[in-house]
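Letter by letter, the chains look like this.
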Amino acid sequence: MAIEDNPQSREKYGKELKRRREKAGLTQEDLSVRAIMSRSHIAHIEAGRRRPDVEDARRLDQVLGTGGFFVEFLPTLGEGRVAQHFAEALRLERQARVIRVYGPKLVPGVLQTEAYAREVLGSGFPPRTAEERDKLLVTRLERARILDDFHSPVVWSLLDEAVLRRPVGGPAVMCEQLRHIVELGESHRIRVHVLPFSVGLHALVEGVVSLMWFEDLPPVAYVEGLMTGKVLEVPSVVRDCQTAYDHALGDALSHSASLALISSVAKEYEHAQQ
């Protein structure tokens, strides 16, 4: 059963979790230990501020003996709109006041142009139909709407040089995409830092990470791999992710030097079209 993810559905979900937890005679701390979740995450779920991912919901069902209730009635963004493992991260991204994202291989979704995003969503495995791709494309482009407000969220993008050099969709698509990033950077809407190949190994070389800060919630980190992703909220783990990001940022080019490099690579793609 598909339940739309909105404040009302999350609040109902949270109230039901609290009711069943208390019926089982468990404190939030007790449940956190048995379900392998942090107590603060359970508190946020019960307050309707957050939702568990599918694996967390399965563990809640197992611990509380609820026969699959918390998986079946888990609020979602709707079939085809976003990968299930990214649903929670997307919701949090829309609430964040500060976002710091690292792109090791591809331009981060929030910065992607329509042409670039179409190429990315049309690739990979299993193959998608044009209709499936276009549903995902709508959501991908909606993500960029958070940049319509000049002041919030504050966005920092750390890009590996491989992002600039990988010719997604060909020279025309890449030229447009890189110039879009330069325009956002030159207008001071975002900060951009490039990790050049010359750096070699760095603190984030092993994966994708996004860091998010909020007005009235603790910060989180989102990490992603092939066919999987996870919102991390344990404070010590989030701090480790933040520190790794800071270390990698220290190895990167300055904002102005990064924009100059991106502009230079865009010109290379422009010349390749001719």
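Residues numbered from 1 in each chain as written. Predicted model: local features only at pLDDT ≥ 70, side-chain atom pairs only at ≥ 80, totals over all residues. Heavy atoms only, no water.

Undergrad: Lay out the sheet that holds strand 8 (residues 228-232) in plain terms, naming residues and giving numbers.
TA: Ordered in space as 5-4-3-6-7-8, the six strands form an open sheet in which the pairing is mixed. A single partner strand is all that each edge strand has here, and the edge strands are strand 5 (190-195) and strand 8. With direction set aside, neighbouring strand axes in the sheet form an average angle of 15°. (Pairing = 2+ DSSP bridges. Helix = DSSP H or I, 4+ residues; strand = E, 2+ residues; numbered from the N terminus. Axes fitted to C-alpha atoms, helices over the stretch in contact; angles between N-to-C directions.)

Undergrad: Outline the packing of aromatic side chains, supporting the account with residue identities and numerical values.
TA: Following the criterion strictly, the structure yields four aromatic pairs and no others. Between Phe 69 and Phe 70, the ring centres sit 5.0 Å apart and the planes meet at 85°, which makes this aromatic pair edge-to-face. Comparing Phe 69 with Phe 70, the two get one shared label, buried. Where Phe 69 meets Phe 73, the ring centres are 4.8 Å apart and the plane angle is 40°; that geometry is what we call tilted. In this structure an aromatic cluster arises from ring pairing among Tyr 13, Phe 69, Phe 70 and Phe 73. Sitting over the ring of Phe 69, Arg 20 keeps its end group 4.3 Å from the ring centre. Across from the ring centre of Trp 156, 3.8 Å away, lies the NZ or CZ of Arg 100, which sits over that ring. (Phe/Tyr/Trp six-rings, centres within 6.5 Å; stacked < 30°, edge-to-face > 60°. Buried < 20%, exposed > 50% of the residue type's maximum accessible area, 1.4 Å probe, protein only. Lys NZ or Arg CZ within 6 Å of the ring centre and 35° of its normal.)

Undergrad: A description of the environment of Leu 64 should follow, citing residues and the corresponding values.
TA: Within the element layout of this structure, Leu 64 appears in helix 4 (residues 54-64). Separated by 126 residues in sequence, Leu 64 and Ile 190 place their C-alpha atoms 44 Å apart. Apart from residues lying up to four places away in sequence, Leu 64 is in contact with Leu 17, Arg 20, Arg 21, Ala 24, Leu 26, Leu 31 and Phe 70. (Contact = heavy atoms within 4.5 Å.)

Undergrad: Describe in detail helix 1 (residues 7-23), supporting the description with residues and values.
TA: With 17 residues, helix 1 should reach 24 Å at 1.5 Å per residue; the first-to-last C-alpha distance of 24 Å fits that figure. Three or more residues of helix 1 are buried, namely Ser 9, Arg 10, Tyr 13, Gly 14, Glu 16, Leu 17 and Arg 21. End-on view of helix 1: buried residues confined to an arc of 165°, all on one side of the axis. Along helix 1, exposed side chains directed more than 90 degrees from the buried face belong to Gln 8, Lys 12, Lys 15 and Lys 23. Of the residues flanking the end of helix 1, it is Gly 25, one or two places downstream, whose phi is positive at about 75°. (Expected span 1.5 Å × (residues − 1). Arc of directions from axis to C-beta.)

Undergrad: With reference to specific residues and values, describe the nonpolar core.
TA: Formed by 40 residues in total, the largest nonpolar core has its most connected members in Leu 147, Leu 164, Leu 178, Met 212 and Ile 262. Of all elements in the fold, only helix 6 (87-95), helix 7 (114-121), strand 4 (154-160), helix 9 (161-165), helix 10 (171-186), strand 5, strand 7 (220-225) and helix 12 (255-273) reach the threshold of two or more residues within this core. No other element matches the seven residues that helix 10 contributes to this core. If we ignore the near neighbours within four places in the chain, the residues touching Leu 178 are Leu 164, Ile 262, Val 265, Ala 266 and Tyr 269. In terms of nonpolar packing, the next biggest core, distinct from the first, is built from 14 residues, Tyr 13, Leu 31, Ala 57 and Leu 60 among them. (Core = buried A, V, L, I, M, F, W, Y, C linked by side-chain atoms within 4.5 Å.)

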